[in-house]
Amino acid sequence: MSDLMIGKRLAAFMVLLALALPLGGCGFTPLYAERDDASITADLSMLDVSAPNDRLGRELKYGLLDLLSSSGNPPSNPTYLVEIAPIVYSEDLAIERDADVTRKNMVMVVPFRLINTETKETVLRSTSRSRSSYNRVDSEFANIVAAQDAERRIAAAIAADIKVQLSIHFHRLAQTGG
């Protein structure tokens, strides 16, 4: 390697180091870091999930439980309950001259509440949204499978987003001493 290449790599490293240094001064802390014998992960593992008893509700509930705890099971004595109410609708994207729809958008909006199981008080209220597209073809079976796949993808994205929002809530709660 030439001295010029080594110099460029060293300069790039120095620039990255200079950009990263201010993060320590601004109060940046990793979201899932351990803190005083507790962690965000421990808080999340004490959550149970309530969802409608249909295919989509179960998909969201168990996808979220898989993300919240290492076992994927709800705790026997949860501290909080996450109540979710998914709403799904689709939009036609590509419409041919003969009125055939060749592409659709599926949109999921999930309002959710975090409820303290002891006091029954709602401590967080928020909404998560996601969308996915799929092609429509002549085969109705293929269209059904594509729609179900899009629904699974957006349910996984929603579950991940809800986990992040809950993590941020517990992180802020820990910072304020609550």
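Provided above is the structure to which this section pertains.
Nothing here was measured: the structure is a model prediction, and the numbers come from that model. (Residues numbered from 1 in each chain as written. Predicted model: local features only at pLDDT ≥ 70, side-chain atom pairs only at ≥ 80, totals over all residues. Heavy atoms only, no water.)

(A) Representation of the overall build of the protein chain within the structure. For the protein chain, the count of helices and strands is four helices and seven strands. Counting from the amino terminus, helix and strand elements in the protein chain follow one another as α-β-β-α-β-α-β-β-β-β-α. For the protein chain, buried positions account for 30% of its 178 residues. Within the protein chain, counting contacts between residues at least 6 apart in sequence, those at least 24 apart form 63% of the total. (Helix = DSSP H or I, 4+ residues; strand = E, 2+ residues; numbered from the N terminus. Buried < 20%, exposed > 50% of the residue type's maximum accessible area, 1.4 Å probe, protein only. Contact = heavy atoms within 4.5 Å.)

(B) Fine view of the pattern of salt bridges. Using the criterion set out here, one finds four salt bridges in the structure. As a salt-bridge pair, Arg55 and Glu151 come within 2.6 Å of each other at their nearest N and O atoms. One end of the pair, Arg55, is in helix H3 (residues 55–68); the other, Glu151, is in helix H4 (residues 140–175), with 96 residues separating them in the sequence. (Salt bridge = Lys/Arg side-chain N within 4 Å of Asp/Glu carboxyl O.)

(C) Representation of H4. For H4, spanning 36 residues, the distance from its first C-alpha to its last is 52 Å, which sits close to the expected 52 Å at 1.5 Å a residue. Two residues or fewer after H4 comes Gly177, characterised by a positive phi angle close to 85 degrees. (Expected span 1.5 Å × (residues − 1).)

(D) Just the environment of Val123, in detail. Locating Val123 in the fold gives a position in strand S7 (residues 122–135). Once the C-alpha coordinates of Val123 and Arg113 are considered, the two residues, ten residues apart in sequence, prove to be 7.5 Å apart. Contacts of Val123, omitting those with residues within four sequence positions, involve Tyr80, Leu114, Asn116 and His169.

(E) Representation of the environment of Glu121. With respect to the helices and strands, the residue Glu121 is situated in the loop between strand S6 (101–116) and S7. Among all residues touching Glu121, those that are not within four sequence positions of it are Leu114, Ile115 and Asn116.

(F) Just the side chain of Asp48, in detail. Take Asp48: it is sitting in strand S3 (residues 47–50). Look at Asp48: it is buried, it has no salt bridge, and the nearest opposite charge is Lys61 at 4.9 Å. Beyond its immediate sequence surroundings of up to four residues, Asp48 is in contact with Leu65, Pro74, Pro75, Pro78, Tyr80, Leu81 and Val82. (Lys, Arg positive; Asp, Glu negative; His and termini not counted.)

(G) Structural detail: the pairing of S7. Pairing between S6 and S7: 13 bridges, direction antiparallel. Opposite Met106, over in S7, you have Ser132 as the bridge partner. In textbook terms, the turn of a hairpin is the stretch between consecutive antiparallel strands, and for S6 and S7 this stretch comprises five residues, one of which, Lys120, has a positive phi near 60 degrees. (Pairing = 2+ DSSP bridges.)

(H) Structural view of the packing of H3 against H4. Packing of H3 against H4 leaves a shortest axis separation of 9 Å and a crossing angle of 45 degrees. The angle between the axes of H3 and H4 places the two elements in the oblique class. Like other packed secondary-structure pairs, H3 and H4 cross with a definite hand, here right-handed. Contacts from Arg55, Leu56, Glu59, Leu60, Gly63, Leu64, Leu67 and Leu68 in H3 reach Gln148, Glu151, Arg152, Ala155, Ile158, Ala159, Ala160, Ile162, Lys163 and Leu166 in H4. (Axes fitted to C-alpha atoms, helices over the stretch in contact; angles between N-to-C directions. Parallel < 35°, antiparallel > 145°, perpendicular 65-115°, else oblique. Left-handed = near helix turned anticlockwise from the far one by under 90°.)

(I) Expanded view of a nonpolar patch on the surface. A grouping of Leu10, Phe13 and Met14 is seen on the molecular surface, where their side chains present a nonpolar patch of about 330 Å² in accessible area. Tracing the chain through its elements places Met14 in helix H1 (residues 3–25). Take Met14: its relative accessible area is 45%, and that puts it in the partly exposed class. (Patch = residues over 30% accessible without salt bridge, like charges linked within 9 Å, V, L, I, M, F, W, Y side chains within 5 Å. Areas by Shrake-Rupley, 256 points an atom, 1.4 Å probe, with all protein chains shown as cover.)

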